[in-house]
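Residues per chain are reported as follows:
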Amino acid sequence: MPSYKAPVDDTLFLLRDVLDYGRYGNLPRFGEAPLDVVEAVLSEGGKFAEEVLQPLNRVGDTQGCVREADGSVRTPKGFKEAYKAFAEGGWVGLDGDPAYGGQGLPHFLAVALSEYTIAANLSFAMYPGLTNGAAAALATHGSDELKQRYLPKMTTGAWTATMNLTEPHCGTDLGLIKTRATRQSDGSYLLTGQKIFISAGEHDLADNIIHLVLARIDGAPAGTKGVSMFVAPKVLVNDDGSLGARNGVACGSIEHKMGIHGNSTCVLNYDGAKGWLVGEENRGLNAMFVMMNAARLGVAVQGLSLSEVAYQNAAAYAKERLQGRSLTGAKAPDKPADPLLVHPDVRRMLLEIRAFNEAARALMLWVALSEDEALSSPDANARKLADDRVGLLTPVIKGVFTDQGFANAVKAQQVLGGHGYIAEWGLEQFVRDARITMIYEGANGVQALDLVGRKLPKDGGRAITAFFGDVSAFLAADKDDSALAPYLAPAKAALGQLQQATMWLMQNGMKNPDNAGAASNDYMHLFGLTALAFMWARIAKAVLARQAAGTSDATLDSKLTLAKFFAARVLPEAGACLARLSSGAETVMALPAAAF
């Protein structure tokens, strides 16, 4: 059976030593979150993930969700009790607005905790994760009346929420939405249509489910300019906050999926369901993207989380499983064979996973702290810079973390050999669960196009220029440190390659848009590798400082070896990305459609 241990110590090291947690002390919510409080929260949350959620992960996979004859959905055994404990423990509203019953702690803390809950049980973690994203969208664009009616129960987790975008004929291209909204005399709307792939669309974990729905008001313009967003609860809410009649939305079926079986992915049929406009008419995408952006960052964490739990189980197996002899002579002569870990190729796979995980965790926390900064810094320029950073890095980490998370789950499965293909060891579930992360909340090809087509040129390239400045300033500040030089040089080389690629896109993307499209995936991964190299340089600096102060230990010292491995065995892929994208679109577009 698989196991999981929340990496609390590593999270704390990154916050304290690498990301300079103290510099965020001027932000409003951070006064309530000194590092000892952060440690206590993460330790308790990690324990809940390990002891309550992880044992339910295989239960959720094998039992799945069941649609009853009346259209209700029953979640796997133990999920309902676990969710009740999770909500009552205040975990759903960890960073929620205290005005609506939230804990009011910094957002980064909820992100850090989500790594643990997702790694322990992705299917379970999606229920509160979607609720938090919907609450953010409603808080930003909803009227005071809607916020007072729904946010208190959503923030505390008493009610859950969903995001309803996709229709049978319409996925990425939301301008094709057909769901209709007919205006009523009381200011409400009647929603009619069908939505598919709706995660957590129907279940028994909460008394109500608050659906955020994209629909087209009768007579609205065609395309994305005519899409509005509505809130449509599963059960109507009376003026006094009590639950009233069932609304006209029902689960038509549960999707049969490759993975995440413990989460109810539903077809939802809207048959004159009552809904209320959120934000402005025909500006639904603007409102929904608050939730979409939160969801994309959440999915990036999913990629890291599954990579981490897969690594932990593969590494434990490699240390215990006896198979073959070392190429340089027996390492366990008293045993019939050596542990798998003696074999260089097994080590290669494990090190590739771990070298990603530790730098990706640092990058995730940097982005999450930037979200807090963008939201509440008293310095307007700092808010702008942080918001630019989050916007630029969102498609990068969503695409790169999930591509790599799936690849790493496959590598971990390979370490177990035949046992990796057998369900009881858990690795094949990690592979199946990880696969969806590359697709939902905007497929990774869309993330790459968003990066090169929107995020790079936005505001005259202000965000990418600032990122180059961040990395360059760090490298320049420590250029004379001979101990740090071996870790700075790889980051500097990767930065140069990313700058070359950016210049190539500027010169060739406008000339022929297919050049930008053909380059986008490699550019996204080159960007990701550069950002990870930057994190490794910062990690190495922190470890060297600890060594100089005499406060290092074997775990921290091992990070220097990992940093060197990343530079030698992973980062060279950046050069391949640059070479591929620089070749242009000609060979990609040359083959006639009839030849496919």
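The structure displayed is predicted, hence computed values, not measured ones.

What counts, and at which threshold
Residues numbered from 1 in each chain as written. Predicted model: local features only at pLDDT ≥ 70, side-chain atom pairs only at ≥ 80, totals over all residues. Heavy atoms only, no water. Helix = DSSP H or I, 4+ residues; strand = E, 2+ residues; numbered from the N terminus. Rg over C-alpha atoms; globule rule 2.2 N^0.38 Å. Buried < 20%, exposed > 50% of the residue type's maximum accessible area, 1.4 Å probe, protein only. Areas by Shrake-Rupley, 256 points an atom, 1.4 Å probe, with all protein chains shown as cover. Lys, Arg positive; Asp, Glu negative; His and termini not counted. Charge placed at Lys NZ, Arg CZ, Asp CG, Glu CD. Contact = heavy atoms within 4.5 Å. Expected span 1.5 Å × (residues − 1). Bend = angle between axes of the 7 residues up to and from the residue. Core = buried A, V, L, I, M, F, W, Y, C linked by side-chain atoms within 4.5 Å. Phe/Tyr/Trp six-rings, centres within 6.5 Å; stacked < 30°, edge-to-face > 60°. Lys NZ or Arg CZ within 6 Å of the ring centre and 35° of its normal.

Caption draft 1: Layout of the overall build of the protein chain. Looking only at helices and strands, the protein chain has 18 helices and eleven strands in total. Here the C-alpha atoms of the protein chain give a radius of gyration of 24 Å, agreeing with the 25 Å that 2.2 N^0.38 yields for 596 residues. When the backbone C-alpha atoms are referred to their principal axes, the protein chain occupies close to 80 × 60 × 60 Å. Of all 596 residues assigned to the protein chain, the portion counted as buried reaches 55%. Counting every atom, the protein chain has about 24300 Å² of accessible surface; 54% of that belongs to carbon and sulfur. In the protein chain, the 56 positive side-chain charges and the 63 negative ones have mean positions that sit 3 Å from each other.

Caption draft 2: Structural detail: the side chain of Thr117. Of note, Thr117 is situated in helix H5 (residues 107-120). You can call Thr117 buried: its relative accessible area is 7%. If near-sequence neighbours (up to four positions away) are discounted, Thr117 is found in contact with Ala49, Leu53, Phe86, Leu122 and Ala125.

Caption draft 3: Molecular detail of helix H10 (residues 380-415). For H10, spanning 36 residues, the distance from its first C-alpha to its last is 49 Å, which sits close to the expected 52 Å at 1.5 Å a residue. Taken as a whole, H10 carries its principal kink of about 35° at Leu393; the proline Pro395 stands between one and four residues after it.

Caption draft 4: Looking closely at the nonpolar core. Judged by nonpolar contacts, the single largest core of 198 residues is most densely connected at Phe401, Phe467, Tyr523 and Phe527. With sequence-adjacent residues up to four places away left out, Phe401 is seen in contact with Ala300, Gly303, Leu304, Phe356, Ala360, Leu363, Met364, Val396 and Leu532.

Caption draft 5: Broad picture of the packing of aromatic side chains. Scanning all chains against the criterion turns up 15 aromatic pairs. Plain terms: the ring middles of Phe79 and Phe124 are 5.9 Å apart, the flat faces sit at 70° to each other, and that makes the pair edge-to-face. Taken together, the residues Phe79 in helix H4 (residues 79-88) and Phe124 in helix H6 (residues 122-141) connect sequence positions 45 residues apart. A relative accessible area of 0% places Phe79 in the buried class. Seen from their ring centres, Phe356 and Phe401 are 5.5 Å apart, and the 85° between their planes marks the pair as edge-to-face. Residue Phe356 is found in helix H9 (residues 344-376), and its partner Phe401 is found in helix H10; the two are separated by 45 residues along the sequence. Since its relative accessible area comes to 5%, Phe356 is described here as buried. Over the ring of Tyr24 we find Arg23; its NZ or CZ atom is 4.8 Å from the centre of that ring. Lying across the ring of Trp366, Arg538 places its NZ or CZ 5.6 Å from the centre.

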